[in-house]
Amino acid sequence: TASSPSPRQIWPEDFAARYRARGYWRGETFSDFLRARAAELPDNLAVVDAANRWTYAELLRRAESMAAGFLGLGLRRGDRVVVQLGNRAEFFSVVFGLFRAGLVPVFALPAHRLTEIRHFVAKSGAAAYLAADRGDGFDYRMLARSLILERDTAAPPLRVLILGEAEEFTPLHALPMVPLPEEDASPSDVAFVQISGGSTGLSKLIPRTHDDYIYSFRASAEICALSLRSVYLGALPIAHNFPMSSPGTFGTLYAGGRVVLSPSPSPEAAFPLIEREGVTITGLVPPLALLWLDAAPKTKHDLSSLQVLQVGGAKFTPEVAARVRPVLRCTLQQVFGMAEGLVNYTRLDDAEEVIVNTQGRPISPDDEVLVVDDSGEPVPEGEPGYLLTRGPYTIRAYHDDPGANARSFTADGFYHTGDIVRRRADGYLVVGGRAGDHINRAGEKISAEEIEDHLLAHPQVFDVAVVSIPDEYLGERSCAFVIPRSGAERPRPTALKAWMRARGIAEFKVPDQVVLVERFDTTAAGKTSRKELRARLRAEFLAAQ
Ligand code: J2J
C-alpha cells in the first residue's frame, strides 16, 4: 500500500494574500527563527530541565545534528514522525531537528497508549515513531514492540527511534549523520500535526503551517509581553497546543526567553523551579490552578517572580479566578483556545472584572467570530450561541477526513468549534458549554463515542452510553452507563475499567464511574439519538443525587 499523502492546509488565495499583506504571515520557518535567535543570543539560556541547561547556540547545534541523523537514517522530506516525549529538553532538539530536516512531527501526549498511537501512525502514514525509553513508570518500547508486531507486512516499514536505552530499536544518540542540505522548507508547508480533542470518534489530525502557527505564538508572545527576560515554566505536557503556543514554549523561544521544564505540574515539582529559575509566566488547567492556590500560602518557596498565571483548557469559575491575584500576587490570564486555531486571551491590563468573568478575546483583528443559533443565524449580542470562527491561524480542514470536514467546516470555511459562548458588548467571550458530546476532564477532551466503542467490544456489555457529569475538582468526569448482556455474568465496574486499560488507551479516558442499568428507557416516539440518550441519562443521574 502506498503511504498516505502529506498533510496540507490550504486557505483560499484571497485570504492568504490578505494574511500576508497584513503582516501576519511573514514567510518565516521554525528553522529560520531558531537560527536567528542563536545568532543574536548565542549564550542566553533557551531550555532548562533537570539534566540540561542549553543556550540558544547549543539548542541549534543539537537540532542540526538531530536533523543530520534523521536524514542519515533515510527519512525523507515530508515524512511524518509520531513524537511522544515528555517535558524534557530533548523535546526541542528533536522537534527543531525534524523541522530542519523537513520532516513533520505528529504530536502525541505521553499519556497516549497503543490504541491512540496506532491511530496516529496509520492516519498520518508515519514513517517513524519516536519516544523515550520510559516515562512515568511506562515503557514506551513495549508500545513500540506491539506497533511493529501488529503491523501489516505489506505496509511500509515503521522505524522506531528511542531516546535512552533503545534495546532492539534505533538509539537517538547514535544516528548515522549525513551533511545537511540547504534548508528548503516553505513557510506555507505544513510544519507539524497536532491532535484534536476529538468530539466524535477518534482524534482528528490538525495540520499547521509554519506561517500560521508562528503568527499565533508570535502575536501571543506580544499579548503576554514576553521578552528576553521572560522565563516560561512548561508545567502541562508541552506537546499540548496550549503550553506549546499560547504563547507557551515556542512563543518564549521566539521572544528569546528561557523555557524551564517541569516533569510534573504539581506544586511540589513546580514551586522549587519557580524559585530557582525565577519563572515569570506559566499556564495551567483549572484543577491544577486550584491545587496551586491551596498550596501557595503554605509553601516555603519564593514565588514572587511569577507575574502571570494563565489558566485555560476548560472553564475556570469566577469564584476561583478571583483568588488568583490575592493569593499568588500575580495577574491571571484566562486563555480559551483550541488546537484547530482560534485563541482568546484576557489582556494583562484588563480590569479585574473582565479577567475574572470572561475567557478573553481573539488574538487577531482578522479572527472572524460568529455566534449563531441552530439555523446558523447570528444571535443577539450577549445571547448564547454556537461559536464559529475563521482566521489567519485557524485550519480550513482536518487531514484526510472528509466526514469530519463536512461536519466541522461551513461552506465558506468557518470552523464549527462546538463551543457555546456569549459575546459581550466589549467583544469578550464567555464560554457556556458544549454542543458536542465530549467530556472535558480537567482540560483533557474525551470523545463519548470513542469510549462507547471500546466498551461495546466487551463480551459482557450489551449497550453503553458515556456522559459527562459535573465534578467539583475535575470540572467534568466521565460516567459510563452500561447495560449488561443478558445471560452473561454481570460485569463488575472495576473489571470493566481494568479491561479498558488493558486495551491500551490513555488513562484519562478510562471512565471515572461505571453504572450498570437494566435498559435505556426509549421514549414513546421510539427512536432516540445517542445525543438525546446521553442528555437524559445525565439529567436522571443528577436528579437522583
Ligand atoms: C472553557 N473551555 C475551554 C476555556 C479551551 C490555549 C488554551 C486551551 C487550548 C485547548 C489550546 C477553554 N474555557 N478557557 O489549544 O492554545 C475547551 C473548548 C475548546 C477546547 C479545545 C490553547 N479553553 N476550552 O484546550 O484543542 O471546548 O485546546 O473548544 O485541547 O477546549 O481543546 P484543545
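Quantities reported herein were computed from a predicted structural model and do not represent experimental measurements. (Residues numbered from 1 in each chain as written. Predicted model: local features only at pLDDT ≥ 70, side-chain atom pairs only at ≥ 80, totals over all residues. Heavy atoms only, no water.)

1. Some points on the packing of aromatic side chains
Here the structure, examined in full by the defined rule, presents 32 aromatic pairs. The interplanar angle of 50° and the centroid separation of 5.7 Å between the aromatic rings of Phe30 and Phe217 together place this pair among those described as tilted. Placement of Phe30 in helix 2 (residues 30-40) and of Phe217 in helix 7 (residues 210-223) is noted, with a sequence separation of 187 residues between them. As far as burial versus exposure is concerned, Phe30 and Phe217 are alike and both buried. Ring pairs connect the aromatic residues Phe30, Phe33, Phe91, Phe92, Phe96, Phe99, Phe107, Phe192, Tyr213, Phe217, Phe250 and Tyr254, which therefore count as one cluster. Here Lys204 stacks its cationic end above the ring of Tyr398, 5.3 Å away from the centre of that ring. Geometry around Phe15 places Arg396 over its ring, the cationic atom sitting 4.6 Å from the centre. (Phe/Tyr/Trp six-rings, centres within 6.5 Å; stacked < 30°, edge-to-face > 60°. Helix = DSSP H or I, 4+ residues; strand = E, 2+ residues; numbered from the N terminus. Buried < 20%, exposed > 50% of the residue type's maximum accessible area, 1.4 Å probe, protein only. Lys NZ or Arg CZ within 6 Å of the ring centre and 35° of its normal.)

2. Digging into the sheet that holds strand 15 (residues 308-312)
Reading across the sheet, the nine strands line up as 2-1-13-12-14-15-16-17-18 and stay open at both edges, with mixed pairing between neighbours. A strand with exactly one partner marks an edge of an open sheet, and here the two such strands are strand 2 (53-55) and strand 18 (361-362). (Pairing = 2+ DSSP bridges.)

3. Describing the pattern of salt bridges
Summed over the entire model, instances satisfying the criterion amount to 38 salt bridges. Between Arg145 and Glu168 there is a salt bridge, and its shortest N-O distance comes to 2.7 Å. Taken together, the residues Arg145 in helix 6 (residues 140-149) and Glu168 in the loop between strand 8 (159-163) and strand 9 (170-171) connect sequence positions 23 residues apart. A residue is classified by how much of its surface remains accessible, and Arg145, at 28% relative accessible area, is partly exposed. Its relative accessible area of 52% is what places Glu168 among the exposed residues. Residue Asp212 is joined to Arg208 by a salt bridge in which the shortest nitrogen-to-oxygen separation is 2.9 Å. For the residue pair Asp212 and Arg208, the accessibility class agrees, reading buried in each case. A cluster of three or more residues bridged by salt bridges with shared partners is formed by Arg134, Asp139, Arg141, Arg145, Glu167 and Glu168. (Salt bridge = Lys/Arg side-chain N within 4 Å of Asp/Glu carboxyl O.)

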